[in-house]
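Commentary on secondary and tertiary structure
Given next are the chains, with one letter for each unit.
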Amino acid sequence: MTLNMWKKYHTPLKVSEVHELLQYYGDKARIIAGGTDLFLDLSEKRIEPVEALVDVTHIPDFQSIEINGGKVYIGAGVTFAQILRSSYLKQVVPSLHKAVHMIASRQIRNIATLVGNLVNASPAADGAPPLYTYNAAVHIMSGQGDKREMPIEKFVLGVRKVDLQPDEIVSAVSFPIPDESWRMSFRKIGLRRSMAIAVTNIAIMIRVQNDVITGARIALGAVAPTVVRALRAEQALIGFTTAEAGKCEAPELAVSSVKPIDDLRASASYRLTLVRNLVRNQLNTLLERY
Amino acid sequence: MQIEFVINNENVQLEIEPDEILVSIIRAKLGLTGTKIGCSEGECGACTVLLDGLPVNSCLIPAAKVHQREITTIEGIGNMQHPHPLQIAIAQAGGSQCGYCSPGIVVSAYALLQEDAHSTKEDVIDALTGNLCRCTGYNKILSAVLEVSK
């Protein structure tokens, strides 16, 4: 069966070919990696049929996880399954590992990509909150050969909207390797344990030195048009000792930093309750590890 | 457009429309109807096949994507004349009623056992999260797969 979704399917082997194709088609072509979101948008007619799909999963530079200069680079074609197979990533960024493991099913994770998850920019993307806590950057290549790097929080503009021109592609996402003084956690609340879109998800990183909190990063998903870093909650935690941190206003400050909506999965007020409880519980859990 | 790939250890060349879907060429062009279409949106796993050894939802994959790759369908794992131990175990345990989910379940379980021949209950549950069954309640499927993986 064909549903008249696209007219041509291209699988370039070089980045320069991708740019030529995007130049040629203008905004009538779409980049496809795993395609698990894009395919459904097309087959379920949420977007108009396109002239061409440009598959980037055969571009050698996009298929690897690299460690370089204290940073991890995850290429545009790297699947969730590849990320899960990396014992290195499991060790240095366990919150990303956990988040990825909670996405969908094995069948989806075997073809879907982390970069695709970010570019798709669902507010509930599970790969996003950990990356926001790592202060990740998105690497963008333009048709002219220019490369630019953007912090992830500037890249994702709103619901399903990112700062990407029609002739630009994301080649990778990167982040500095957190050092061992940081502890991290990830939680996802959904209507099922698997195959569920998050009702709320949260990633936290916290650093304690000499029993005092010296760093905190809290990223909340599915409770605003984009992932939100709860900056006032983070700042409020700095300086508390591990024993006194329970008195910090961080959970309430986190609640006041998000704007969830009522939707078919949950009400806004339920989500606010989740934010308060998740921030409090995850902080307790992380601080107990010191 | 032309694509070439290996399916169940056989080389195949096919002329396809650029936007044909993998599950439909497997069923309609190659006549391999063991793979089922359940939801057409990658949620139920009835369409599960192996792509380069890894389970994927064939209802979500453009056929063009499998050019020069290797596919295994349920027919490549077992059949009436030579059933796979997983198929025998699931059938005998009562882990198949209408049978519609069963090929996808066998493919996912097969992939798990290829990766780890002695899986735990948690591993099996994790491997089967993408395969829905409306009939059996899963327990008999689980015990059958665990039996084979002992």
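Residues numbered from 1 in each chain as written. Chains lettered and ligands numbered in written order. Predicted model: local features only at pLDDT ≥ 70, side-chain atom pairs only at ≥ 80, totals over all residues. Heavy atoms only, no water.

**Section: the overall build of chain A**
Looking only at helices and strands, chain A features 12 helices and 14 strands. Against the 2.2 N^0.38 benchmark of 19 Å for 290 residues, chain A shows a C-alpha radius of gyration of 20 Å, consistent with a compact globule. Each principal axis of the C-alpha atoms in chain A carries an extent, and together these give about 60 × 45 × 30 Å. Burial status across chain A gives 54% buried among its 290 residues. (Helix = DSSP H or I, 4+ residues; strand = E, 2+ residues; numbered from the N terminus. Rg over C-alpha atoms; globule rule 2.2 N^0.38 Å. Buried < 20%, exposed > 50% of the residue type's maximum accessible area, 1.4 Å probe, protein only.)

**Comments concerning the sheet that holds strand E4 (residues 54–57) of chain B**
Residues and elements named next belong to chain B. Taken in spatial order, the 5 strands line up as E2-E1-E5-E3-E4 in an open sheet, and their pairing is mixed. In this open sheet, the two edge strands, each paired with only one partner strand, are strand E2 (10–15) and E4. Adjacent strand axes in the sheet meet at a mean angle of 40 degrees, parallel and antiparallel pairs treated alike. With 6 bridges connecting them, strand E1 (residues 2–7) and E2 associate as antiparallel partners. Looking across to E2, one finds that Phe5 is bridged to Val12. (Pairing = 2+ DSSP bridges. Axes fitted to C-alpha atoms, helices over the stretch in contact; angles between N-to-C directions.)

**Section: the interface of chain A and chain B**
On the chain B side, the residues contacting the 31 residues of chain A number 33 residues. At the surface where chain A touches chain B, the tally comes to 3 salt bridges. Residue Arg106 of chain A pairs with Asp126 of chain B through a salt bridge whose shortest N-O separation is 2.9 Å. Counting across the chain A and chain B interface gives 12 residue pairs in polar contact (both at pLDDT 80 or more). Elements that contribute at least two residues to the side of chain A that touches chain B include exactly strand E1 (6–10), helix H2 (38–43) and helix H6 (106–109) of chain A. Here the side of chain A that touches chain B is composed, by residue class, of 13 nonpolar, 10 polar and 8 charged. (Contact = heavy atoms within 4.5 Å. Salt bridge = Lys/Arg side-chain N within 4 Å of Asp/Glu carboxyl O. Polar contact = N/O pair within 3.5 Å; in protein donor to acceptor, adjacent residues only side chain to side chain. Nonpolar A, V, L, I, M, F, W, Y, C, P; charged D, E, K, R; others polar.)

**As for the packing of aromatic side chains**
Each pair of aromatic rings is reported with the distance of its centres and the angle of its planes. All names here are of chain A. Tallied over the entire structure, the rule returns 4 aromatic pairs over all chains. Here the aromatic rings of Tyr24 and Tyr25 are separated by 4.8 Å at their centres, their planes lie at 85 degrees, and the arrangement is edge-to-face. On the accessibility criterion, Tyr25 (13% relative accessible area) is buried. Plain terms: the ring middles of Tyr134 and Phe175 are 4.9 Å apart, the flat faces sit at 50 degrees to each other, and that makes the pair tilted. With Tyr134 in the loop between helix H8 (128–133) and strand E6 (137–141) and Phe175 in strand E10 (residues 169–176), the pair connects residues that are 41 residues apart, well separated along the chain. (Phe/Tyr/Trp six-rings, centres within 6.5 Å; stacked < 30°, edge-to-face > 60°.)

**So, the packing of helix H2 (residues 85–93) of chain B against helix H3 (residues 102–115) of chain B**
All names here are of chain B. It is at 10 Å that the axes of H2 and H3 come closest, and there the two elements cross at 125 degrees. One finds that H2 runs oblique with respect to H3. Crossing of H2 over H3 shows right-handed handedness. Within the contact between the two elements, H2 uses Leu86, Gln87 and Ile90 and H3 uses Ile105, Val106, Ala109, Tyr110 and Leu113. Classifying every residue of the contact of H2 with H3 gives 7 nonpolar, 1 polar and no charged. (Parallel < 35°, antiparallel > 145°, perpendicular 65-115°, else oblique. Left-handed = near helix turned anticlockwise from the far one by under 90°.)

As far as function goes, none of this settles anything; it's purely spatial.
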